[in-house]
Amino acid sequence: MAKRIAVGNNKGGAKKTTLTVRLAEALAKQGKRVGVVDMDPQGNASRRLGWVDSPDNPPLTISEALEPENVADGIGAQIWQPIGWTAEYADRITVMPARFTLEDRATEAGHKGAWRRLAKTLKGADDHLDYVLIDCPPSLGHLTQLALAAAHHALATTEPEYDSVEAAVRYRDFVATSGDDLGNPDLTFLGVVVSAYDQRIGAHVGQLNGARKLFGDLVWGVIPRRSLITNADEYGQPLSEVADSSEVRGVFELLAERLVKEAGA
Ligand SMILES: Nc1ncnc2c1ncn2[C@@H]1O[C@H](COP(=O)(O)OP(=O)(O)O)[C@@H](O)[C@H]1O
Ligand SMILES: [Mg+2]
């Protein structure tokens, strides 16, 4: 079984999808085999990895696999799809894409055993991978709970701004108190990444200090705010194809090394 890590924050724009996609890229460059599970109905991770839907011959995605009538042990094995990047390490990344209809799965939270649907889907379906990164939506509702019921670990990201740091704390505390209820008592919170930091902004300086006080050694690192990251996400590009990206690639590579250390191989 791969080590599964749910990347979350109880706020949109906290850089969850960027961290998920760029950690996947850095891990793959280090030779790891990585699966990205897109648990946000917006499907941003799927798109940024270059996955394109085929309306004429639509493949099974996580959105359908989690339907109560479809869900089954290991059905996830049928959902992994190649990503669209052509970088040499791209074939070590695979994606479980999402369509917007993933939103409908939240209304099925009352079905018997509903909270275990992603865990069932992944059962035996990620044995060929080293890591599975689950990109969570911004709420702590059912879709995030599906991710946390299936994950070994949770990792937060935050912008260095008050509302985002507060939402990262909510994610951390939710993880700490939900493992038992989700049938996953060994779930652990690994840490937080401070993303899109700009030292010229007073609020960022203050909130980075605040995050260090709130999370202590669990602050894994700081990703600088760089337009090349926005652009790479916008165009669905790997960072290795982006000019002048060596600084930010280095930051994500260090974070990937920390993940390997904390989550285990
Ligand atoms: N370090 C960064 N510097 C500048 N822009 C960033 C950085 N990290 C992420 N972004 C951009 O911020 C926006 C929000 O990030 P995203 O990952 O979609 O957030 P979330 O998934 O938490 O809603 C995206 O446009 C993304 O490209
Ligand atoms: Mg997102």
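For the structure itself, look to the data block above.
Since we're looking at a predicted model, the values are computed, not measured. (Residues numbered from 1 in each chain as written. Chains lettered and ligands numbered in written order. Predicted model: local features only at pLDDT ≥ 70, side-chain atom pairs only at ≥ 80, totals over all residues. Heavy atoms only, no water.)

Caption draft 1: Structural view of the overall build of the protein chain. In terms of helices and strands, the protein chain carries nine helices and eight strands. C-alpha atoms of the protein chain, sized along the principal axes, occupy 50 × 40 × 30 Å. Once local pairs closer than 6 in sequence are excluded, the contacts in the protein chain between residues at least 24 apart make up 80%. In the form shown here, the protein chain has an accessible surface area of approximately 11100 Å², with 48% of it arising from carbon and sulfur atoms. Considering the protein chain, the positive charge centre built from 29 side chains and the negative charge centre built from 36 side chains are found 4 Å apart. (Helix = DSSP H or I, 4+ residues; strand = E, 2+ residues; numbered from the N terminus. Contact = heavy atoms within 4.5 Å. Areas by Shrake-Rupley, 256 points an atom, 1.4 Å probe, with all protein chains shown as cover. Lys, Arg positive; Asp, Glu negative; His and termini not counted. Charge placed at Lys NZ, Arg CZ, Asp CG, Glu CD.)

Caption draft 2: Structural detail: the site of ligand 1. Around ligand 1 sit 16 residues in total, of which Gly13, Lys15, Lys16, Arg48 and Asp233 are the nearest. At 2.7 Å from an oxygen atom of ligand 1 is found a side-chain nitrogen or oxygen belonging to Lys16. In the environment of ligand 1, an oxygen atom lies 2.6 Å from a nitrogen or oxygen atom belonging to the side chain of Arg48. Coverage of ligand 1 by the protein chains reaches 84% of its 560 Å² of free accessible surface. (Near = heavy atom within 4 Å. Polar contact = N/O pair within 3.5 Å; in protein donor to acceptor, adjacent residues only side chain to side chain.)

Caption draft 3: Main features of the packing of aromatic side chains. Evaluated as defined, the whole model comprises one aromatic pair. Over the aromatic face of Phe215 sits the side chain of Arg172, whose NZ or CZ is 4.9 Å from the ring centroid. (Phe/Tyr/Trp six-rings, centres within 6.5 Å; stacked < 30°, edge-to-face > 60°. Lys NZ or Arg CZ within 6 Å of the ring centre and 35° of its normal.)

Caption draft 4: Region of the structure containing the sheet that holds strand E7 (residues 188-197). Pairing within the open sheet is mixed, and its eight strands lie in the order E3-E4-E2-E5-E1-E6-E7-E8. Pairing within the sheet leaves two strands with one partner each, and these edge strands are strand E3 (81-82) and strand E8 (219-224). Here strand E2 (residues 34-38) pairs with strand E4 (residues 93-96) via four bridges, running parallel. Bridge pairing in E4 links Val37 to Met96. Together, strand E1 (3-8), E2, E4, strand E5 (131-135), strand E6 (153-158), E7 and E8 form the strand contacts of helix H1 (residues 16-29), whose direction differs from that of E5 by roughly 165°. (Pairing = 2+ DSSP bridges. Axes fitted to C-alpha atoms, helices over the stretch in contact; angles between N-to-C directions.)

Caption draft 5: Molecular detail of the nonpolar core. With 45 residues, the main nonpolar core has Val37, Met39, Ile62, Leu118, Ile134 and Tyr171 as its most contacted residues. Examining the composition of this core, we find that six residues originate from one element, helix H5 (residues 142-150), more than from any other. One finds Leu49, Tyr131, Ala232 and Val248 within the second-largest nonpolar core, a separate group that totals 40 residues. (Core = buried A, V, L, I, M, F, W, Y, C linked by side-chain atoms within 4.5 Å. Buried < 20%, exposed > 50% of the residue type's maximum accessible area, 1.4 Å probe, protein only.)

Caption draft 6: Seen up close, helix H7 (residues 202-215). In a regular helix each residue adds 1.5 Å, so 14 residues correspond to 20 Å; H7 covers 20 Å between its end C-alpha atoms and thus fits that length. His204, Gln207, Leu208, Gly210, Ala211 and Phe215 are the residues of H7 that are buried. Around the axis of H7, the buried residues are gathered within 165° of arc, so they sit on the same side. Within H7, the exposed residues directed more than 90 degrees away from the buried face are Gly202 and Lys213. Looking at the buried residues of H7, the elements they touch are helix H6 (162-178), E7 and E8. Following H7 by one or two positions, Gly216 adopts a phi angle in the positive range, close to 55°. (Expected span 1.5 Å × (residues − 1). Arc of directions from axis to C-beta.)

Caption draft 7: Structural detail: the pairing of E1. When you tally the buried positions in E1, you get five out of six residues, the bulk of the element. In terms of strand pairing, E1 meets E5 through five bridges, oriented parallel. Among the inter-strand pairings, Ile5 is bridged to a residue of E5, identified as Leu133. Here E1 pairs with E6 via four bridges, running parallel.

Caption draft 8: Spotlight on the pairing of E2. Counting buried residues along E2, five of its five residues qualify, which places the element largely inside the surrounding structure. As paired strands, E2 and E5 are joined by five bridges and run parallel to one another. Directly across from Val36, in E5, lies its bridge partner Leu133.

Caption draft 9: Quick peek at the environment of Ala24. For Ala24, the position within the fold is in helix H1. Ala24 gets classed as buried once you look at its relative accessible area, which sits at 0%. For the pair Ala24 and Gly35, spaced 11 residues apart in sequence, the C-alpha to C-alpha distance is 7.6 Å. Apart from residues no more than four positions distant in its own chain, Ala24 is found in contact with Val34, Val36, Ile93 and Leu133.

Caption draft 10: Region of interest: the packing of H6 against H7. One way to put it is that H6 packs onto H7 with a least axis distance of 10 Å and a crossing angle of 15°. In terms of orientation, H6 lies roughly parallel with respect to H7. Crossing handedness for the pair H6 and H7: right-handed. Of the residues in H7, those touching H6 at Tyr162, Val165, Ala168, Val169 and Arg172 are Gln207, Leu214 and Phe215. A breakdown of the residues in the contact of H6 with H7 according to their chemical character gives six nonpolar, one polar and one charged. (Parallel < 35°, antiparallel > 145°, perpendicular 65-115°, else oblique. Left-handed = near helix turned anticlockwise from the far one by under 90°. Nonpolar A, V, L, I, M, F, W, Y, C, P; charged D, E, K, R; others polar.)

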